[in-house]
Structure formats: C-alpha cells, structure tokens
Amino acid sequence: MSAPAHPDSTDLDRIHAAVKREKEDLAPESQPAPLWATFLLMLVAIIAGGQLGPMTGGWSFDVSNPFALAGGGDPRPGGAGAGGTLDPFALAMKKGASGYAVCGGCHQGNGMGIPGQFPPLAGSEWVTGGTERLIRVTQHGLVGAITVKGAGYNTPGGMQPFGAAMSSQDLANVLTYIRNSWGNEGTMITKEMVQKVRDEEKRATQWTEADLKPFADKNVPGDIPAGPGATAAAAPAAAK
Ligand code: HEC
C-alpha cells in the first residue's frame, strides 16, 4: 500500500515534533568535553570533598559515626568502636567470649564441662593456675589421665591442640576469657605471652599431666592484672 496522498493532521504533528527535537549543529570548531576530563573532575570533586569535611569544623568518622554511642562503643560485632572505646581487658573478654565457641562444645557455655567426659574450666586450677601450663595445654593439646578439682578424667583422644588453628591473639583472648568467667579470677593473658610459649615450645604431641608438672605453677612473664584499667604499660615485670 502506498502512502496516502494527503497525510492527515496527526502525521503533520508527528513530523513537526520530530523536527523540534533536533538540536542545532555544533559550531565547526567546538567539541564535546572529552571523557577523561569528566573523570578528572569527578576525582577532584571526591578528593576535595574528603578534604573539606575534616578541614572545616572537625568532622571525622569517629565523631560522625552513628554507631559510636556515648561510652558504649560500637554495638555491631567487630564494629569500629570495639577497638576504640573498650579498654583492653573488656575487649579481650568480648572477643574471647566469641572465640570460646570452639571450646564450648566440650567444656560447655557455662564452663562446667560434662562429668566424666569433659573437665570443667569453671573453678579449674588448670585455668586459674600457672599460665605456662594453661597456654601449653591449649597450644599442644592434652591426653591421658588428669585430675581437675579432685575428679579424674581420661577421655579417649584427650584434647586436640589448638595452636595451629588459632592465632596468638585469638588464643590470648579466649584464655583471658576463661580465666575471668564463671567466678574464675585470673590475670590477662596477652598475645606476646602466647607467642613466647609458641617460640620456646615446638612439641609435636599432646601433653600429659606428668609432662606438665614443672609448669603447673609457673607464669609466663608479662601478664596483666585483669580489670577495666588494664593496659600493657601497667603490667608488672612478672607476676609470680
Ligand atoms: C573436642 C572437645 C574439646 C574441645 C573443643 C576443647 N577441649 Fe579442653 N579438654 C577436653 C578434654 C577431653 C580434656 C581433658 C584431657 C585429658 O583427659 O587428658 C580437656 C582439658 C582442658 C583443660 C585442662 C583441664 C581443665 O578442665 O581445666 C583446659 C584448660 C582446657 N581443656 C581448655 C580448653 C580451651 C580453652 C578450649 C578452646 C580453645 C578447649 N579446651 C577445647 C576436650 C576439649
């Protein structure tokens, strides 16, 4: 079918609308801005914006962080405030509590263990006693007959070593946590203390109670009294 000889007014409107949409040609010598210039401007705007904030009126992420509640720290797990506002002891306890998940399956969330199977950590002389022994037990594992709070345990396979699975810092946090939970009171264990035992002791097999005798009452130097004021600087030379 051929086009109608007399297009109706609807077609005229369409044609005119199309003509009106056309833009004028650029002057011969003008060019659209190159793409790199656009990106350069964006970059300048971002950097300038980042500078303007802190330089005018003391804006900072700390001050403006909506999660940083007064004194309470960042409530999100692992939030920024966790490192900034908690004192070292509170921070170790907080991180140790979550790290304790790997122990809790056996020693239980309340630290009471399971009679005849998994010894308790609550009230255990192994936990609150010498840190040389406690670090070694968790670093290399423990097997064979042991006595905890007067009760005998000899679980087949004993306890596996955790040295390879946990960093010195993670282990230090968990040990600080078990030494200061469920009524236990002990000093803080630092990652330097765990690292020191790691460097000295290259044992490849689990400990036995007899092997650990010499370490039962010994403390690795550098532990810190537990408590809100705990800082590495306040550490006594060696708590014996
Ligand atoms: C798979 C079970 C299991 C897990 C997980 C486990 N333990 Fe044990 N733990 C044992 C057993 C079993 C013994 C006793 C070993 C023996 O009889 O020689 C023990 C002994 C101990 C002792 C010495 C005895 C006492 O009760 O005080 C300490 C301290 C200890 N564990 C701490 C830990 C810590 C800290 C963790 C987590 C990092 C942990 N354990 C994870 C099973 C476990």
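Rules and cut-offs
Residues numbered from 1 in each chain as written. Predicted model: local features only at pLDDT ≥ 70, side-chain atom pairs only at ≥ 80, totals over all residues. Heavy atoms only, no water. Core = buried A, V, L, I, M, F, W, Y, C linked by side-chain atoms within 4.5 Å. Buried < 20%, exposed > 50% of the residue type's maximum accessible area, 1.4 Å probe, protein only. Helix = DSSP H or I, 4+ residues; strand = E, 2+ residues; numbered from the N terminus. Contact = heavy atoms within 4.5 Å. Donors = N, O, S within 2.8 Å, 3.2 Å for Na, K, Ca; no water. Tetrahedral: all angles 85-135°; square planar, octahedral: opposite > 155°, others 65-115°. Phe/Tyr/Trp six-rings, centres within 6.5 Å; stacked < 30°, edge-to-face > 60°.

*Asks:* Help me understand the nonpolar core in this model?
*Replies:* Grouped burial of nonpolar side chains is what soluble globular proteins tend to show. Among the nonpolar cores identified, the biggest contains 24 residues, and Tyr100, Ile135, Leu175, Ile178, Ile189 and Val194 are the most heavily contacted of them. Broken down by secondary-structure element, the contributors of at least two residues to this core are α5 (88–99), α8 (131–140), α9 (168–179) and α10 (191–200). When residues in this core are grouped by element, the largest group, six residues, is from α9. With residues near it in sequence (within four places) discarded, Ile135 still touches Leu175, Ile189, Met193, Val194, Val197 and Val220. Residues Trp126, Val148, Tyr153 and Phe215 belong to the second largest nonpolar core, which totals nine residues.

*Asks:* Would you take a moment to explain the coordination of the iron atom of the ligand for this structure?
*Replies:* When a metal carries six donors in an octahedron, the ideal angles between them are 90 or 180 degrees, while four donors in a tetrahedron ideally lie at 109.5 degrees. The coordination sphere of the iron atom of the ligand, as far as protein atoms go, consists of His107 (NE2) and Met159 (SD), spread over 1.9 to 2.0 Å. Viewed at the metal, the six donor atoms of the iron atom of the ligand are separated by angles of 88 to 179 degrees, and the geometry they form is octahedral. Of this pair, His107 sits in helix α6 (residues 101–107) while Met159 is found in the loop between β2 (151–153) and α9, placing the two residues 52 residues apart along the sequence.

*Asks:* Honestly, the packing of aromatic side chains in this entry has me stumped. Any pointers?
*Replies:* Aromatic ring pairs: the centre-centre distance and the angle between the two ring planes describe each pair. In this structure the tally under the stated criterion is four aromatic pairs. Each ring, one from Trp207 and one from Phe215, has its centre 5.8 Å from the other, and the planes form 75 degrees; the classification is edge-to-face. Both residues of the pair, Trp207 and Phe215, count as buried. Taken together, the ring pairs in this structure connect Tyr100, Tyr177 and Trp182 into an aromatic cluster.

Note that all results are geometric; they support no functional claim without further evidence.
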